[in-house]
Amino acid sequence: MVRRIDVSGAGGVRLAAWEFADSPKIDPPRGDPSGTGTPSGEAGTGTTPGEIERAPGVLLLHGLMGRASHWAPTARWLSERHRAVALDQRGHGQSDKPPEAAYTRGAYVEDAEAALDQLGLGPAVLIGHAMGALTAWQLAAKRPDLVRGLVICDMRASALGAASQREWENWFKAWPVPFATLADVRKWFGEDDPWVERPNPSRGEFYAEVMAESPDGWRPVFEPEQMLKSRETWVYDAHWEELTQVQCPALVVRGLDGELGRAESQEMVRVLPNGQYAEVADAGHLVHYDQPEAWRAAVEPFLDEALR
C-alpha cells in the first residue's frame, strides 16, 4: 500500500509525505483469541484510527537529491511496529519546487517540524540520511518535545568548505543529460561517473529513482540550481554545537566506505549527550541502499530501545 498525505511546509510550500505499507500491527487486547483486535467472530482490520495514531511515529528524511521513495524498503519493515512516514522535502520528489522559495536550513527544519505536527507523529524518531540527518538533528535540538530518538546516517558535522561546493557545481555540469534511457542512468551513476571508484549498481538504482521522462529523454526531478542553493546553506559551517543540544538517544551510522569517517563519527557520538555508534561493512554513502539487511540490523535494536 502507498498513501500520499499533503503537508503545508514553511511559507506554505506543499510537501508530499508518504506511507509505503499497511498500518502498524497492534497487539490484540487481552481476551481477544482471534488476534484481530476485534471481538471474536467479528470482521475487522486489527487496528482502529486511534490505535494507528498511538503507534510510535517515525519520520524519514532523505538526503540532497533524494526522495521519499528511497526509504520505501525501510518504511515497510518499520511499519510492522511503527507508523513510518517518509517526506519528500522541498525541491525534491513530488513536493513543490517554487524558484522563489527559501532553500535554507531554517526552511528545511521548519518543514520537518510542520510534518510532525500535521501528521500527528510527534514525539517521533527521526531517521535522516545525509542532508536529512542534519535537518533531523537540528530539529531535535530546536524541539526536543517533538523528537524522542534520532538516527544520523552518513552526515558530517564539520564544515566542508568552498572547494566542496565548487566540486559539486562541476559535477552537475558533467552529467550527460538528458539520458536516453533509464539503463543509461544506471550505467552512468553506477559505473561511468568520475566519482565512482568501482562499479556500484545500488548507486545507479538510487539515481534512476530520481529521474523522470521528458520529451527529450530522462532528467532529474529536481533542479540542480536548487540543490546547490540548498547545499550552500550548510557546507560553510560546522554543526557540532547543535549536536550537543540533542537530548534524546541518538545513533550515528556510517558506511565503512562512506563520506563520514570513523574518527569524526566517533567524535559526534562523544559530543552527543546520549549517543551510540554503528558501522555497516561493505557500504558507502548510500548505506540503506548498499546493505539494506545490515542497515536494518544496525537500526532496529536502537529503535526498540528508543521507542519503549
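Structure's up top.
Predicted model, so just to flag it, every value in this text is computed and none were measured.

A look at the overall build of the protein chain
Across its full length, the protein chain holds 12 helices and 10 strands. Total accessible area computed for the protein chain in this model is approximately 13,600 Å², and 49% of it derives from carbon and sulfur atoms.

Considerations on the packing of helix α6 (residues 182–192) against helix α7 (residues 201–208)
Where α6 meets α7, the closest approach of the two axes is 7 Å, and the angle between their N-to-C directions is 130 degrees. One element, α6, and the other, α7, form an angle in the oblique class. Read as a crossing pair, α6 and α7 show a hand that is right-handed. Residue-level contacts link Leu 182, Val 185, Arg 186, Phe 189 and Gly 190 of α6 to Arg 203, Gly 204, Glu 205, Tyr 207 and Ala 208 of α7.

Details of the nonpolar core
One finds Leu 59, Met 65, Trp 137, Leu 150, Ile 152 and Trp 175 to be the most contacted residues of the largest nonpolar core, which totals 68 residues. By residue number, the principal contributor to this core is helix α4 (residues 131–142), which donates 8 residues. Once you skip the residues sitting within four places of it in the chain, Leu 59 turns out to touch Val 85, Leu 87, Ala 112, Ala 115, Leu 116, Leu 121, Val 125, Leu 126 and Ile 127. One finds Ala 16, Val 58, Trp 71 and Val 280 within the second-largest nonpolar core, a separate group that totals 30 residues.

Topic: the sheet that holds strand β10 (residues 275–280)
In space, the 8 strands of this open sheet follow the order β1-β2-β4-β3-β5-β6-β9-β10, with mixed pairing throughout. Each of the sheet's edge strands pairs with one partner strand only, and the pair in question is β1 (3–8) and β10. Within the sheet, the average angular offset between the axes of one strand and its neighbour, ignoring direction, is 25 degrees. Bridge analysis of strand β9 (residues 250–255) against β10 gives 6 bridges, and the strand direction is parallel. Across the sheet, the residue bridging to Gly 255 is Val 280, located in β10.

Things to note about the side chain of Gln 89
Checked against the element boundaries, Gln 89 lands in the loop between β4 (83–88) and α3 (105–119). Residue Gln 89 is classed as buried on the basis of its relative accessible area of 3%. One polar contact links the side chain of Gln 89 to the main-chain carbonyl oxygen of His 62, over a distance of 2.7 Å. Sequence-distant contacts of Gln 89, defined by excluding residues within four places in its chain, comprise Leu 15, Leu 61, His 62, Ser 95, Tyr 108, Met 131, Gly 132 and Thr 135.

Comments concerning the pairing of β9
A large share of β9 lies buried, amounting to 6 of its 6 residues. Across the two faces of β9 the burial is the same, with Ala 250, Val 252 and Arg 254 and Leu 251, Val 253 and Gly 255 all buried. As judged from the 4 bridges shared by strand β6 (residues 147–153) and β9, these two strands associate in the parallel manner. Pairing of Ile 152 across the sheet is with Val 252, part of β9. Where the polypeptide runs from β9 across helix α10 (residues 262–271) and back to β10, its parallel neighbour, the crossover connection is right-handed.

Side note on α3
Relative to the 21 Å expected for 15 residues at 1.5 Å per residue, α3 spans 21 Å between its end C-alpha atoms, a close match to the ideal helical length. Here α3 lies mainly inside the structure; 11 of its 15 residues are buried. Listed in full, the buried residues belonging to α3 are Arg 105, Ala 107, Tyr 108, Val 109, Asp 111, Ala 112, Glu 113, Ala 114, Ala 115, Leu 116 and Leu 119.

As for the environment of Gln 245
Topologically, Gln 245 is positioned in the loop between α9 (240–244) and β9. As a C-alpha pair, Gln 245 and Gln 138 span 107 residues in sequence and 8.8 Å in three-dimensional space.

Focus on the pattern of salt bridges
This model, assessed by the stated rule, comprises 21 salt bridges. The closest approach of N and O atoms between Arg 296 and Glu 80, which form a salt bridge, is 3.5 Å. Of this pair, Arg 296 sits in helix α12 (residues 292–306) while Glu 80 sits in the loop between α2 (72–78) and β4, and the two are 216 residues apart along the sequence. Between Arg 90 and Asp 111 there is a salt bridge, and its shortest N-O distance comes to 2.6 Å. A residue pair is termed long-range when its members are at least 10 positions apart, and Arg 90 in the loop between β4 and α3 and Asp 111 in helix α3 qualify at 21 residues. On the accessibility criterion, Asp 111 (2% relative accessible area) is buried. One connected set of salt bridges, linked through shared partners, spans Arg 4, Asp 6, Arg 14 and Asp 96.

Let's talk about the packing of aromatic side chains
Summed over all chains, the structure comprises 19 aromatic pairs. Look at Trp 175 and Phe 189: their rings are 4.9 Å apart centre to centre, the planes differ by 85 degrees, and that puts the pair in the edge-to-face class. Here the residue Trp 175 occupies a position in the loop between α5 (162–174) and α6, and Phe 189 occupies one in helix α6, the gap between them amounting to 14 residues. Across the pair, exposure class does not vary: Trp 175 and Phe 189 are buried alike.

Conventions and cut-offs
- Residues numbered from 1 in each chain as written.
- Predicted model: local features only at pLDDT ≥ 70, side-chain atom pairs only at ≥ 80, totals over all residues.
- Heavy atoms only, no water.
- Helix = DSSP H or I, 4+ residues; strand = E, 2+ residues; numbered from the N terminus.
- Areas by Shrake-Rupley, 256 points an atom, 1.4 Å probe, with all protein chains shown as cover.
- Axes fitted to C-alpha atoms, helices over the stretch in contact; angles between N-to-C directions.
- Parallel < 35°, antiparallel > 145°, perpendicular 65-115°, else oblique.
- Left-handed = near helix turned anticlockwise from the far one by under 90°.
- Contact = heavy atoms within 4.5 Å.
- Core = buried A, V, L, I, M, F, W, Y, C linked by side-chain atoms within 4.5 Å.
- Buried < 20%, exposed > 50% of the residue type's maximum accessible area, 1.4 Å probe, protein only.
- Pairing = 2+ DSSP bridges.
- Polar contact = N/O pair within 3.5 Å; in protein donor to acceptor, adjacent residues only side chain to side chain.
- Right-handed = clockwise from strand over helix to strand, strands pointing away.
- Expected span 1.5 Å × (residues − 1).
- Salt bridge = Lys/Arg side-chain N within 4 Å of Asp/Glu carboxyl O.
- Phe/Tyr/Trp six-rings, centres within 6.5 Å; stacked < 30°, edge-to-face > 60°.

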